[in-house]
Amino acid sequence: MKRRTFIKASAALAAAATLPGCGSPAAETTAAVAQKLTNLRTAHIGIGNMGLEDLKAVASHGKVIVTALCDVDSNYLEAASKLFPEAKTFKDYRVMLTEMADEVDAVIVSTPDHTHAPASMKAMEMGKPVYCQKPLTHHVSEARAMRKLAEEKGLTTQMGIQVHSFYDYKLATLLIQSGIVGKVKRVHAWSPKNWGYDGEAPTGTDPVPDTLDWNLWLGTSAERPYKAEVYHPGNWRKLVDYGCGTLGDMGVHIFDTPYNALALDVPETITTNCRPPNDFGFPENNVVTYTFPATEYTTDGFQWVWYDGPGAPAGDNEELMLPEGETLPEQGALFIGTEGTLLLPHFMELPRKMVDGKYVDISAEIAAVEKEHNMPEPVRDYASESPKHYHQFVDACLGEGEVTAPFSYAARLTETILLGTIAGRFPGETLHWDNATARFREEKANALLDAPYRKF
């Protein structure tokens with residue numbers, strides 16, 4: 001079925017769903033349900049690799065009870081079950097959500113990208129708060145549907161961009177909004193990671209391991225033969241049917257702070273320079289140029305340039321030069337302002353300001369921002385910082401505080417990222433995006449906003 005058909009069906013199901021374990025109508029918000037909860041019972045969909053880290057981080061909250069675990073790979077399921085032996089195990093998230101409806105208060109989705117929306121929508125239809133890994137969805141149409149359903153049902157939601165809650169990134173956001181470099185006219189952002197594949201699509205088929213349910217791994221995506229070490233584990237990020245390339249992996253993290261700090265919405269134009277599409281893997285090197293409507297923190301004609309792949313960013317752009325021949329950090333962003341430039345490495349480093357090719361001391365500006373916003377003593381240790389974003393979601397589900405990356409924000413950021421991956425299918429061409437209609441001016445690109453859902 002087409003995703004738009006799925007979305008309509010989801011809306012219909014949402015109208016009839018009931019909240020689990022509370023005997024309450026589906027329209028009841030997370031806030032209302034939270035008043036009845038003393039602990040949060042969680043179900044986890046996708047518990048391998050990053051999913052296992054998500055599971056451990058959520059479970060480290062003192063009020064979390066891990067109730068259900070789901071994965072299509074029995075090896076991952078076995079490993080997680082040893083950590084949480086009381087949790088019931090499943091390989092099909094649809095079965096889990098149905099059978100555990102009265103025993104689950106919130107759902108964490110950590111699957112490959114192509115299953116983010118189907119699993120999250122199913123959970124939200126049942127009135128469940130959802131924490132979903134980044135990027136929020138695999139297709140633009142799904143991002144808009146996720147945002148709409150979450151808002152209609154008043155659910156607590158959070159996207160898994162953990163650095164959004166880190167001190168250094170919050171500090172950089174406040175510094176930019178304080179005008180430390182004036183109005184920003186351009187952002188450069190980069191990552192040399194290579195979640196692309198320039199080779200040929202594989203041929204033939206391999207035996208499916210006994211530990212893997214290949215049909216459930218494919219989920220709503222098109223059926224194809226299994227090939228060992230091509231899709232699972234891990235390599236799916238490189239492939240257009242399952243992942244979102246480097247832009248959808250590291251781009252979400254590195255975009256997040258500039259996107260948030262500059263109060264951006266979705267772009268007006270997108271141009272990607274890369275190799276011609278092969279309809280199987282994402283290009284290994286991309287330069288994506290976005291233009292956005294101006295905000296109070298940007299100049300008119302604001303531009304954003306993203307570089308990824310081995311050696312990124314390449315070229316001799318003077319705006320990418322650091323003082324005294326210093327090399328750029330491996331990953332990061334530069335805010336080019338009317339009154340200087342701010343360098344924000346990724347991650348766990350303080351931002352640095354440059355004026356006329358020299359670094360300037362901003363310790364006074366940092367102290368002023370910390371005092372104005374009552375920021376606690378900074379913690380710059382990954383192990384200490386990591387649980388914050390997850391615990392924020394748990395606390396919000398229990399009626400304590402608010403999330404900072406809800407789907408209302410995450411869907412717009414994800415849409416921006418996905419528009420860049422779509423532009424990569426038309427290298428060198430400028431695509432024009434209409435926010436109001438969620439359509440490209442270039443009709444040929446609109447086919448990539450959506451894709452069929454396979455019945456499985």
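Bear in mind that the values here come from a model prediction, so they are computed numbers and not experimental data. (Residues numbered from 1 in each chain as written. Predicted model: local features only at pLDDT ≥ 70, side-chain atom pairs only at ≥ 80, totals over all residues. Heavy atoms only, no water.)

Novice: I keep staring at the sheet that holds strand β6 (residues 106–109) and nothing clicks. Help me out?
Specialist: Strand pairing in a sheet is mediated by backbone hydrogen bonds. Such pairs are either parallel or antiparallel. The six strands are arranged β5-β4-β3-β6-β7-β8 in an open sheet whose pairing can be described as parallel. Every interior strand has two partners, whereas the edge strands, β5 (88–90) and β8 (157–160), have only one. Taking each pair of neighbouring strands and ignoring which way they run, the sheet shows an average axis angle of 20°. Relative to β5, strand β4 (residues 64–70) runs parallel, the two sharing three bridges. Bridged to L69 within β5 is T89. Relative to the sheet, helix α3 (residues 50–59) contacts β3 (40–45), β4, β6 and β7 (130–133), its axis offset from that of β4 by approximately 160°. In this fold helix α14 (residues 407–423) packs onto β7 and β8, with an angle of close to 40° to the strand it touches most, β8. (Pairing = 2+ DSSP bridges. Helix = DSSP H or I, 4+ residues; strand = E, 2+ residues; numbered from the N terminus. Axes fitted to C-alpha atoms, helices over the stretch in contact; angles between N-to-C directions. Contact = heavy atoms within 4.5 Å.)

Novice: How should the packing of aromatic side chains be read in this particular structure?
Specialist: What characterises a pair of aromatic rings is the spacing of the ring centres plus the angle enclosed by the ring planes. For the structure on display, the rule yields 19 aromatic pairs. Geometrically, the ring pair formed by W214 and Y226 is edge-to-face, given 5.2 Å between the ring centres and 80° between the ring planes. With a gap of twelve residues between them, W214 in helix α9 (residues 214–218) and Y226 in the loop between α9 and α10 (245–261) connect regions that are remote in the sequence. For W214, a relative accessible area of 10% puts it in the buried group. (Phe/Tyr/Trp six-rings, centres within 6.5 Å; stacked < 30°, edge-to-face > 60°. Buried < 20%, exposed > 50% of the residue type's maximum accessible area, 1.4 Å probe, protein only.)

Novice: Explain helix α13 (residues 387–397) to me, please; I cannot follow it from the model alone.
Specialist: Because each turn of an α-helix spans 3.6 residues, side chains separated by three or four positions end up pointing in the same direction. Residues of α13 that are buried: H389, Y390, Q392, F393, V394, A396 and C397. Following α13 by one or two positions, G399 has its phi on the positive side, about 85°.

Novice: What should I look at first to understand the pattern of salt bridges in this one?
Specialist: Pairing between side chains becomes possible if they bear opposite charge and their charged atoms approach one another. Summed over the entire model, instances satisfying the criterion amount to 19 salt bridges. Two residues, D249 and K134, come together in a salt bridge whose shortest N-O distance is 2.3 Å. One end of the pair, D249, is in helix α10; the other, K134, is in the loop between β7 and α7 (140–153), and 115 residues separate them in sequence. You'll find D249 and K134 in the same group, each marked buried. Between K148 and E152 there is a salt bridge, and its shortest N-O distance comes to 2.4 Å. Separated by four residues within a single helix, K148 and E152 lie in helix α7, roughly one turn from each other. Overall, the relative accessible area of 49% leaves K148 in the partly exposed class. (Salt bridge = Lys/Arg side-chain N within 4 Å of Asp/Glu carboxyl O.)

The values are spatial; any link to function lies outside them.
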